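# Chains, contacts and geometry: an overview
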Amino acid sequence: MANIETKKMKFKVFRFNSERDYLPYYKSYELEVRSEEMILDVLNRIKWEHDGSFSYRRSCRHGICGSCAVKVNGKATLACKDRVSDLVEIFGEELVIEPQDKSLAIKDMVIDKKSFWKKYNSVNPYLNSDIDETPTKENLVLPDDADKIDEADYCIQCGNCYYSCPAVNVNEDYLGPAALAIAYRFNSDVRDSGREERLDTVNRLGSGIWDCVKCFECAEACPKELNPIEKITKLHLQTFEDGVADDNVAVRHAYGFKPSIIKHGLLDEGELVKYSEGIPGVLKHMPVAFKMWRKGKVVMPWKMPKSKNLDEIQKLVEISSTAKFNEEN
Amino acid sequence: MSKLKYALYTGCTARESTPELLKSTLAIAKALDIELILLDEASCCGASHLQDFDDQLSLVLNARNIVYAEKLGLTMVTICNTCQLNTAMTKERLDSDPDLKDMVNSKLKEVGLEYKGSSEIKHFLYALVDDLGVEAIAQKVTNPLTDMQIGAFYGCHNIRPSHLQNISNGGENAYTPTSIDRLIVALGGKNIEYEHKNKCCGFHVELQAPKTANRLSGTAMLDAIDSGAQAIVTPCPLCHLKMDTQQAHISSEMGRDVKIPILHLPQMVGMALGIDPKDLGINHHVSDVEFI
C-alpha cells in the first residue's frame, strides 16, 4: 500500500450565487490534503472548515447516486470516486474545481440539469412492456440476452458524459450520450416493446445519433466506464437492422463507404460527398471543391487509385456483409 | 540503434485530398533514415462511419489491412488519427475475443489470409517521439523553427479513448497530451498552450451538421489564435481538411476572421530538417501558408 502523505494544497474554486452575484468568481482555499482523499472530501472540508454557504450536491459517497459530479481542470469527475492525488498526477498541483457547466450554475457547484433530464426522459428510459398481472411463469432473460444490454445498465445519470460532449455544447437539440446510451439499454432488452418508438426518436437528423461527432469525450468522462459512444454505434446498427434508417445525407454517408470500397478498395471522397448530398445538395460544396481542385486536392474519377488485390476485398465484402440499406434490398 | 522500419498504412485521404501528407511523411522518413513500406493492398478503414452501417464488414476489412503488416513482420504505422482508431480498435477487439477472431479468420481464410495479432499499430507521430525520440530528431535540425509560435492540435482519435491508446499507440493522457508540444520545442519552435488543443474539430459531421462542425473547429482555432499561435499543427489529415479548406465557412459561422496556417505534423518536422517546402507539399494548402 502506498504511503499516506499529507500535503498543503491550494484549490481554486468556482463560486456563484445566482440570487446575489452578477458574475461568478474564483476563490482559493488552502487545505492540508492526505493523499488518499477524494475531491468530495475537499468539497466537504471547504464547506465545514471555510465557508458554510458553499454549495454542491452529494449523497451516497459510493459512486452510485451520481449527484456529486463536478469538473476538475476541465475533466469530468465524480467527486466521490476521483482521488486528489490522481488528479495531481494529471494536472499538477494547481487544481481548479468547477461545476459541470458554468453557464448553468445556480449556486457554486449546483447546476440546473433541466435540459439533461428533459432529453433523458424523451427516449422513454424505462421498460415498455404489457404487464401480465397473473403470470404463470417467470419472465426469463437468458444470459446471452442479458449480455446484449452490456454495461449500458450501469448509468447513474451523473451527466458527466453530457456536460463533456462538444456536440451538446454547440447544438442544444442534440440528445447527448446519456440519453442515447439508455435508449440502447432498453432497445436491447428482450422484454421491451418500445424499440420502434425509441429508434424513431434517436434517428432524427439534428438531434439524434447522426449528430454525434465521434470525439470519444463521453467514453473518457463516464465514471462507470459504460462507453456511451459504443452504445451510440449500436443504435446506428439497430436502425439498419430494423430497416428504419431514413434515406438522408447522414445515412447515405455511412452506407456510401461500401460501394466505394467495392469499386476501389479505397474511399472515393468526391463520390461519397456527391452520393451523400445528392443533387442539389452537392452544389453548396462547389466553391470549396473548386479551391481544393486548384490546389491538387481533388482526384478525378478516372484517376482514382485502387487497392492492390482488389478482388480479395470484393470477395470479403461479398461474404462478410450483414447489413442492408435501401438500394440493396 | 538499428534502422527503424514500419509498414505504412496511408489511408485514403493521404492518397486523395491531402497528397501533401504522404509527400511530407515520405520526405521526413527519408531524412530521418526511417524505412517505410507502403501497404498498397490496404483498403479504406471505414473512417468511423462504415462500422455504424455494418460492424462485421468493418472488422473484416480492417483485420485484412493489419494482416498485410503482419506478413511483413512489421509494426503498422498510420498517418491519420481515424485510421489509427479503427485499426487499433479492430485489433483490440480481435485480440481480446477468440470467438470474434475465429469469425473474422473464417472470412479471411476464403481469400487465403489469416489474422494473427502479431503486429503493433501506432500513429507515425509516436514512431517519431517514442521510437526515434525527440532528442534524435533535435540533432538533425538544420533550420530551427526559431520565433515560430505553434499550437498543437492533437485530434480526438489519437488520444481517446485512453484505454485503447494505452494498448496500441502513444498512451498519452487525454487531458494533457504533450507529444506534439515536446516535438515543437525539439524543433526549436515555441509551443503555444491553449485549452482546446485536445478537443474535436467536428469533421465527422461535416455533411449532416456543418454548423456543429464549423463551431467546433472555429472555437478551437480562435483559442489557438488568441493564445498567440501563428500556425496550428495536426497529426490528422481530417482535422487538417476541416481547418485548412473550410476557413471561409468557419469564419462566417464564428462572425470573426478565423485565418491561420494549418500544418501537417510531418510538414513541420520537414521544415526544421531543412527540406524544401515544395517537397513537403506546401503548394497543396487551400489557406494561406505564406509566412512559412
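None of these values were measured; they are calculated from a predicted model. Sequence positions are assigned chain by chain, starting from 1 and proceeding in written order. Both sets of labels track the order of writing: A upward for chains, 1 upward for ligands. Local features in this predicted model are restricted to residues of pLDDT 70 or higher, and side-chain atom pairs are both shown and tallied only at a pLDDT of 80 or more, whereas totals for entire chains, interfaces and linings draw on every residue. The basis for the side-chain values is all heavy atoms of the structure; hydrogens and waters are excluded.

On to helix α5 (residues 98-108) of chain B. Each α-helix turn comprises 3.6 residues. Residues three or four places apart therefore point the same way. Within α5 of chain B, burial applies to L100, V104, N105, K107 and L108 of chain B. Looking straight down α5 of chain B, one finds that the buried residues subtend no more than 155 degrees of arc, so they occupy a single side. For α5 of chain B, the exposed residues set more than 90 degrees away from the buried face come down to P98, D99 and D102 of chain B. Those residues of α5 of chain B hidden inside the fold are in contact with α14 (310-320) of chain A together with α3 (55-72) and α4 (81-96) of chain B. Pairs of N or O atoms are called polar contacts if they sit within 3.5 Å, as long as, within protein, a hydrogen donor faces a hydrogen acceptor (for residues adjacent in sequence, only side-chain-to-side-chain pairs). Numbering of helices and strands runs from the N terminus; a helix is a DSSP stretch of H or I covering at least four residues, while a strand is a stretch of E covering at least two. Taking the backbone nitrogen of D99 of chain B as reference, a side-chain oxygen 3.2 Å away marks D97 of chain B as the first, capping residue of α5 of chain B. Each residue's exposure class comes from its accessible area (1.4 Å probe, protein chains only) as a fraction of the maximum for that residue type: buried when under 20%, exposed when over 50%, partly exposed otherwise. Summarising the geometry, the arc corresponds to the directions from the helix axis toward the C-beta atoms. Any two residues whose heavy atoms approach within 4.5 Å are treated as being in contact.

Following the sequence through the fold, L61 of chain B ends up in helix α3. Separated by 45 residues in the primary sequence, L61 of chain B and E16 of chain B have C-alpha atoms spaced 20 Å apart. What L61 of chain B contacts, discounting residues up to four positions off in sequence, is I261, I313 and V317 of chain A together with S43 and L50 of chain B.

Taken together, the contact pairs 66 residues of chain B with 65 residues of chain A. By convention, the term buried area covers the 1.4 Å-probe accessible surface removed from two parts as they join, with the contributions of both added. Looking at the side of chain B facing chain A, the largest losses of area belong to F53, Y175 and L207 of chain B, adding up to 15% of the total buried there. Basic side-chain nitrogens of Lys or Arg form a salt bridge, by our definition, when they fall within 4 Å of a carboxyl oxygen of Asp or Glu. Our count for the chain B to chain A interface comes out at five salt bridges. Of the charged contacts in the structure, one is a salt bridge between K214 of chain A and D52 of chain B, with a shortest N-O distance of 2.6 Å. For the pair chain B and chain A, the number of links is 24 residue pairs in polar contact (both at pLDDT 80 or more). Those elements that provide at least two residues to the side of chain B that touches chain A are α1 (19-31), α2 (50-53), α3, α4, α5, α9 (210-226), α10 (237-245) and α11 (247-254) of chain B. The element that contributes the greatest number of residues to the side of chain B that touches chain A is α3 of chain B, accounting for seven residues. When its residues are assigned to classes, the side of chain B that touches chain A shows 28 nonpolar, 23 polar and 15 charged. Amino acids are sorted into nonpolar (Ala, Val, Leu, Ile, Met, Phe, Trp, Tyr, Cys and Pro), charged (Asp, Glu, Lys and Arg) and polar (every other residue, Gly among them).

Interpreting fine coordinate detail is not advised for predicted regions of low pLDDT. Per-residue confidence for chain B gives a mean pLDDT of 97; residues scoring 70 or more make up 99%. At the level of chain-chain contacts, confidence expressed as ipTM amounts to 0.96, with global pTM at 0.96. Within a predicted model, pLDDT stands for the predictor's per-residue confidence, ranging from 0 to 100.

Take the side chain of S320 of chain A next. Along the chain, the position of S320 of chain A falls in helix α14. Apart from residues lying up to four places away in sequence, S320 of chain A is in contact with D54, Q56, L57, V60 and K107 of chain B.

Moving on: the sheet that holds strand β7 (residues 231-234) of chain B. All names here are of chain B. The sheet built from four strands is open, its strands ordered β6-β5-β7-β8 with parallel pairing. This sheet does not close on itself; its edge strands, each paired only once, are β6 (190-192) and β8 (262-264). Pairwise comparison of adjacent strand axes, ignoring direction, gives a mean angle of 40 degrees for this sheet. Should DSSP find at least two bridges between two strands, the strands are taken to pair. Bridge analysis of strand β5 (residues 149-152) against β6 gives three bridges, and the strand direction is parallel. Of the residues in β6, the one forming a bridge with Q149 is K190. Orientation is described by lines fitted to C-alpha atoms, with helices fitted over the stretch in contact, and by angles between N-to-C directions that extend from 0 to 180 degrees. Helix α12 (residues 265-272) rests against β5, β7 and β8 of the sheet, and its axis sits at about 85 degrees to β8.

Residue and element names in this part refer to chain A. A pair of Phe, Tyr and Trp rings is counted when the ring centres sit within 6.5 Å of each other, with Trp represented by its six-membered ring. The angle between the planes then sorts it: under 30 degrees is stacked, over 60 is edge-to-face, the rest tilted. Counted according to the given criterion, the structure contains 16 aromatic pairs over all chains. A centroid spacing of 5.8 Å and a plane angle of 80 degrees characterise the contact between W117 and Y120, whose relative ring orientation is edge-to-face. Of this pair, W117 and Y120 are both found in helix α3 (residues 114-121), three residues apart, which corresponds to roughly one turn of the helix. A relative accessible area of 5% means that Y120 is categorised as buried. Only lysine NZ and arginine CZ atoms are considered, and such an atom sits over a ring when it is within 6 Å of the ring centre and within 35 degrees of the ring normal. We note K12 situated over the ring of Y26; from NZ or CZ to the ring centre the distance is 5.1 Å. Looking at R185, its charged tip hangs above the ring of F186, at a distance of 4.2 Å from the centre.

This model, assessed by the stated rule, comprises 39 salt bridges over all chains. Of the charged contacts, one joins R160 of chain B and E217 of chain A as a salt bridge, the two residues approaching to 3.2 Å between their closest N and O atoms. One end of the pair, R160 of chain B, is in the loop between β5 and α7 (162-167); the other, E217 of chain A, is in helix α8 (residues 217-221), on a second chain. According to the relative accessible area criterion, R160 of chain B is buried, its value standing at 1%.

So, on to the side chain of H123 of chain B. Residues and elements named next belong to chain B. With respect to the secondary-structure elements, H123 resides in strand β4 (residues 121-123). Taking relative accessible area as the criterion, H123 reaches 2% and is therefore assigned buried. If we skip the residues at most four places from it in the chain, H123 touches T78, I79, C80, N81, Q84, N158, N169 and P235.

Residue and element names in this part refer to chain B. With respect to topology, four strands assemble into an open sheet ordered β2-β1-β3-β4, the strand pairing being parallel. Only two strands of the sheet have a single partner each, and these edge strands are β2 (35-38) and β4. Taking each pair of neighbouring strands and ignoring which way they run, the sheet shows an average axis angle of 40 degrees. Bridge analysis of strand β1 (residues 5-9) against β2 gives four bridges, and the strand direction is parallel. Paired with A7 across the two strands is I37, which belongs to β2. Across the sheet, α1 lies against β1 and β2, angled at about 145 degrees from β2, the strand it touches most. Together, β1, β3 (76-78) and β4 form the strand contacts of α4, whose direction differs from that of β4 by roughly 160 degrees.

Now for the environment of D173 of chain A. Residue and element names in this part refer to chain A. Of note, D173 is situated in the loop between α5 (166-170) and α6 (177-187). When the C-alpha positions of D173 and G206 are compared, they lie 6.8 Å apart, and in sequence the two are 33 residues distant. Apart from residues no more than four positions distant in its own chain, D173 is found in contact with K119, G206 and S207.

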